[in-house]
There are 4 protein chains.
Amino acid sequence: MVVIMNADAPERQVEEVIGKLNGYGFDVHRSTGVRQTVLGAIGVKPDFDIRHIKVLEGVSDVYRVTTPYKFASRTWKKENTVIDVDGLSVGGDELIIMAGPCSIESEEQIEVSAAVVAATGAQVLRGGAYKPRSSPYAFQGLGVPGLKMIREAADRHGLKVITEVMEINQIEIVATYADILQIGARNMQNFSMLRELGKVDKPIFLKRGLSSTFEEWIMSAEYIIANGNPNVMFCERGIRTFETYTRNTLDLSAVPVIKQKSHLPIIVDPSHGVGIRDKVAPLARAGVAVGADGLMIEIHPDPPTAKSDGPQSLYFNQFREMMQELRMIAQIVGRTLPEPALVA
Amino acid sequence: MVVIMNADAPERQVEEVIGKLNGYGFDVHRSTGVRQTVLGAIGVKPDFDIRHIKVLEGVSDVYRVTTPYKFASRTWKKENTVIDVDGLSVGGDELIIMAGPCSIESEEQIEVSAAVVAATGAQVLRGGAYKPRSSPYAFQGLGVPGLKMIREAADRHGLKVITEVMEINQIEIVATYADILQIGARNMQNFSMLRELGKVDKPIFLKRGLSSTFEEWIMSAEYIIANGNPNVMFCERGIRTFETYTRNTLDLSAVPVIKQKSHLPIIVDPSHGVGIRDKVAPLARAGVAVGADGLMIEIHPDPPTAKSDGPQSLYFNQFREMMQELRMIAQIVGRTLPEPALVA
Amino acid sequence: MVVIMNADAPERQVEEVIGKLNGYGFDVHRSTGVRQTVLGAIGVKPDFDIRHIKVLEGVSDVYRVTTPYKFASRTWKKENTVIDVDGLSVGGDELIIMAGPCSIESEEQIEVSAAVVAATGAQVLRGGAYKPRSSPYAFQGLGVPGLKMIREAADRHGLKVITEVMEINQIEIVATYADILQIGARNMQNFSMLRELGKVDKPIFLKRGLSSTFEEWIMSAEYIIANGNPNVMFCERGIRTFETYTRNTLDLSAVPVIKQKSHLPIIVDPSHGVGIRDKVAPLARAGVAVGADGLMIEIHPDPPTAKSDGPQSLYFNQFREMMQELRMIAQIVGRTLPEPALVA
Amino acid sequence: MVVIMNADAPERQVEEVIGKLNGYGFDVHRSTGVRQTVLGAIGVKPDFDIRHIKVLEGVSDVYRVTTPYKFASRTWKKENTVIDVDGLSVGGDELIIMAGPCSIESEEQIEVSAAVVAATGAQVLRGGAYKPRSSPYAFQGLGVPGLKMIREAADRHGLKVITEVMEINQIEIVATYADILQIGARNMQNFSMLRELGKVDKPIFLKRGLSSTFEEWIMSAEYIIANGNPNVMFCERGIRTFETYTRNTLDLSAVPVIKQKSHLPIIVDPSHGVGIRDKVAPLARAGVAVGADGLMIEIHPDPPTAKSDGPQSLYFNQFREMMQELRMIAQIVGRTLPEPALVA
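So, here is what we can say about the structure in this document. Because the structure is predicted, anything quoted here is derived from the model rather than measured.

## Here we look at the nonpolar core
Here is step 1 of the chain: Ranked by internal contacts, the top residues of the largest apolar core, which has 319 residues, are Phe319(A), Phe319(B), Phe319(C) and Phe319(D).
Here is step 2 of the chain: The contacts of Phe319(D), once residues within four sequence positions are left out, are Ile97(D), Ala99(D), Val116(D), Val117(D), Thr120(D), Ala122(D), Ile297(D), Ile299(D) and Leu314(D).

Spelled out as structure tokens, the structure:
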């Protein structure tokens, strides 16, 4: 922690601040400049609330000099973390595409979706069995029967499964059926749940909160890792800004920033990021070009009848075309994407 | 729902949109103007995703004309809801002050706090037993022993108790000890929990999410009411903006806006709203002046040693002085505040 | 400037950073802790771009420890600045109310407005002759004839005049007629104009930009003062956030924050801040309660026919009532407001 | 305009609203549904303030159904506008790269920059002679001598010139030397200047304001076009959000959104968008992948000594490498980029 004293702070105030810092257990290095005094407080207290010092008399500003996270940081681990998802590597050379419907609606719907996902060379099937809906009157998901449907469809087509967990009580059952557990944006700071996710032996897919800073996001990953589960991947899905025409504002700078600050993989979700079907493909291309480790894409056999998020879901043929473009851009940025199956 | 067609949309497109609307179960009224056609779609479907129509060819814009909430709206209930908290009325003429430490730390700490709260004329004792902390390494609260301490301290001084519930599994135990259940900003859209709160027979104190719109906030109240619990009060505690000097940006316009759109009470929390001790009192005064039904204030017997949020907690004497000012402003806006006890 | 090196930065990197700092003209104090090295760079370079150091190898973070402004800071001048507006003191004990129509529309309109303003005890008449309009097709103001009208109406009723300057070429003529020059939110960082305003001998009323931080706002005041004009008052008029129901989000924390960081007066404009007539009075009351030096209020003899901002303008009787409430709240926070004339 | 009445609005209120609408010159179509009445108000009044109707009794909501802009809209002109910049086409198949230093600092600096720009196949030389600086104490640009330097350097290398205009009084001189006039983010709503830019016969490069919505941005283009100059190109350069790690949040969804709503070209500026050198190339690649008509990039012969924005300027070799990648991505999205010269 660095404490900047006011230009005119009298010696008495400087000494009081030093005394307080010592009281909190810090060693203090003092630099007295021509204009002002700067105090360096040394000590490992990741959760110290720096406002305790900010409110003292004579203090101009206080800065934390250590990041509040450790295990999730690039300082802790230099090389990229490659997460093994039952044989599939996330965070390595291969670009990972997770696609499927917003909600699992029926056996047939998830089966035809899985067939298309596999045929294009994508590796992971997505689909929600528990849906966080802002209206209590909206479709809330099929629950366990939905989990069974997506597992079986994925298995038939050699895909991995990612699906969302909405509450602590669902973790166990979802972990039984899914390969990756998705945490929604509104649960990114559900600290009770983060703690429990640390005890699971499946990788966690952590969406960025609607108004979450990069640091808060990494701290949520730290929560999970500190509780025992090192396999966390980030997902940028758009933040809330003043602009209302797009559903959210997709922040693609998240990719190079997270890659600098953390060793964990990062996936981009352009479907929620922009929320309008005809803008998904351009932003998916941008997501690959910016260097993401993968993408999450919503598709549906018949978007106008989808029970949720139909308007941002791609038609199957749009998805197939997009995958061709993504494959070419992937190569330019040094990534591979499996070839599509001969019969799609 | 109102659908605005493009100025140059051909008749074929207009008819297709009308067909789709009928297919979704809406009656359609058509207005053909000189420049464009406007369609009014009538039908009660509170959870219909208007983007289904937005993506159709020839459509310029679509507006929902009914609010997505019902029971929480001023249209549903004209008169103000006054919530009975075991004999104390929230939302009536009396200004309600909820005060106490951020965290319950010890029997003595909560006892001296309760004594001061009661002596100033405030009515409710606050204090957290379960703490949502952004760091996994920070103090997480005393749990059930803390709940017992706050209940006993409140009872000794004739105060009501408000405390936070962080997860579904805590609802039952917290409802045993508290008079009002507080839901934190990060849980405002924890839909699974909102559903369970609908089944509780204690009033709910619903903090505004960090980046929640007024409508989303009211929708979260609707979730609780629709599931059976009509006693919800709102709490404005600041939103996230580009400004970082203050912890949040306290949005006092929330008070007149919520009072217009809903019949439920609204409380202002200046402590979290601004996050810096010496700015709490000015914003508390403003909260009363703008017409809030009450305030929530953090105080501590010795803020520098508080286990959480000390820097935004008032010293007891600051709180006493502030209460005098609030009492005078309350009168001007037609509110009462109980007189302080003779011996404080 | 304080430079925090990475925990694992080798000695070579630390020395290179020290070398660069010396090259830029800074004296460097080095603190070597157990975990990392912290460098204090001393030297008066208010416009140094700290990103020059941030991009160096081994650097974790860099903090500016001096504010980039000087003359506008509370450090430079401890006591409040009281601006003399031709005999009227802004920033002293007297609460200043500036009221009038958004646009000057006619001699009659401004005359009846002036009469009401004066009768309530308010001191300054507002009204725009040059209007910044987001549409090129909207009413753009009366120009010089409007300036004459507002001056004459104000003089007849013993009021001061405030009106907006939109471009450098208007400064001279506006300064001829007005007592205070208003700078709109969209011009807060029109640096060319700020420079010219430094050469004027009339006080400047500097509205906060739509997405301006407190620091940027104070820097704009610094621009004016550094160029020769020390008489600047701030005006909080709401910032842009994700919330769209209100026109802007009025940030009342600006008042205690600006009062801490600067010695200059600050006025609150609830009319633009909330943009809806029936919410102006509650927020005006809150503005006085929070400690503002004054308010700016839009009123109109017949709001529905106003050429601009009618929907946020108060009717005369609403304004009169509100002034009574404000007078009472002013007393509680230690301010005075002149008594209304006997015949209003 | 569409007016939604309250569900329980009595007939008297409906009739009063209709009367008011007629009074403002609108024809009214009435739809009476089971739950509420909807009024369609027809009439061409692009600048009508809909809040006039919003404040009437019984009105629930009001929506504008026509865009406030006309000439800038895709409805007005279906095909893309291709702007001829003295022989260079902006908005056509060719991807346009504008590169150069932030500030013109010396003849030598701009000459070596121009040589590199031309050698890579880029077409436009950028460089500021008038600099908008948030500090009055920072370097303000070379002025007219700078304009001469950039013109001569560009001519020697067959490049076009883009440079910024900060105030009305500079328009004439800048138009003498530059091929494209750049308007900075902070001037996007400098309405007086927009009006004057309508009278210039050079193309305008209109940066998005820090907190400008898409609609406000297009309205600013409309201002210029309505005043006589149809050659406007947009530039996305990042918006202000709660995230402070990056300088701004580059909103790449702006590209597909603007292309849908307007026929004008759009350029992406990743240098200001992210503000940190090592993140410029990834976002530049994303900008091409998302479909922008071009990019603006800051480069400098020696970034650490640059007089402004050095930390976000690329080294020449970084720029050359990036251009190779951009050329490949351009092909995938159907764009061309001139081949680099043999000797770079």
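Text resumes after the structure shown.
## Remarks on helix H7 (residues 214-226) of chain C
All names here are of chain C.
Here is step 1 of the chain: Helix length check: H7 (13 residues) gives 18 Å between terminal C-alpha atoms against 18 Å at 1.5 Å per residue, within 8%.
Here is step 2 of the chain: In terms of residue burial, H7 counts as a mostly covered element, since 11 of its 13 residues are buried.
Here is step 3 of the chain: Restricting attention to buried positions, one finds in H7 the residues Phe214, Glu216, Trp217, Ile218, Met219, Ser220, Ala221, Glu222, Tyr223, Ile224 and Ile225.
Here is step 4 of the chain: On its buried face, H7 is in contact with helix H6 (191-197), strand E11 (204-207), strand E12 (232-236), helix H8 (254-261) and strand E13 (266-268).
Here is step 5 of the chain: Gly228 lies just past H7 and shows a positive phi near 120 degrees.

## A short note on the interface of chain B and chain C
Here is step 1 of the chain: Contact residues are listed per partner, giving 37 residues for chain B and 37 residues for chain C.
Here is step 2 of the chain: Here chain B packs against chain C, burying approximately 2,900 Å² in sum over the two surfaces, 72% of which is carbon and sulfur.
Here is step 3 of the chain: The interface formed by chain B and chain C includes 2 salt bridges.
Here is step 4 of the chain: Among the ionic pairs, Arg208(B) bridges to Glu243(C), the shortest N-O distance being 3.2 Å.
Here is step 5 of the chain: Put simply, chain B and chain C have 10 residue pairs in polar contact (both at pLDDT 80 or more) between them.
Here is step 6 of the chain: Elements represented by at least two residues in the side of chain B that touches chain C include exactly helix H8 (254-261), helix H10 (280-290) and helix H11 (316-332) of chain B.
Here is step 7 of the chain: With 6 residues, H10(B) is the single largest residue contributor to the side of chain B that touches chain C.
Here is step 8 of the chain: A class-by-class count of the residues in the side of chain B that touches chain C yields 19 nonpolar, 9 polar and 9 charged.

## Points about the relation of the copies chain A and chain B
Here is step 1 of the chain: When chain A is brought onto chain B, the operation consists of a screw motion whose angular component is 180 degrees and whose axial shift is 0.0 Å, with 0.1 Å RMSD remaining. Here the symmetry operator amounts to a two-fold rotation axis. Looking at the rotation axis and the C-alpha trace of chain A, the residue lying nearest is Ser211(A), at 3.1 Å.
Here is step 2 of the chain: Most of the interface of chain A is mirrored in chain B: 100% of its interface residues are interface residues there too.

The rules behind each value
- Residues numbered from 1 in each chain as written.
- Chains lettered and ligands numbered in written order.
- Predicted model: local features only at pLDDT ≥ 70, side-chain atom pairs only at ≥ 80, totals over all residues.
- Heavy atoms only, no water.
- Core = buried A, V, L, I, M, F, W, Y, C linked by side-chain atoms within 4.5 Å.
- Buried < 20%, exposed > 50% of the residue type's maximum accessible area, 1.4 Å probe, protein only.
- Contact = heavy atoms within 4.5 Å.
- Helix = DSSP H or I, 4+ residues; strand = E, 2+ residues; numbered from the N terminus.
- Expected span 1.5 Å × (residues − 1).
- Buried area = accessible area lost by both parts, 1.4 Å probe.
- Salt bridge = Lys/Arg side-chain N within 4 Å of Asp/Glu carboxyl O.
- Polar contact = N/O pair within 3.5 Å; in protein donor to acceptor, adjacent residues only side chain to side chain.
- Nonpolar A, V, L, I, M, F, W, Y, C, P; charged D, E, K, R; others polar.
- Least-squares fit on C-alpha atoms with pLDDT ≥ 70 in both.

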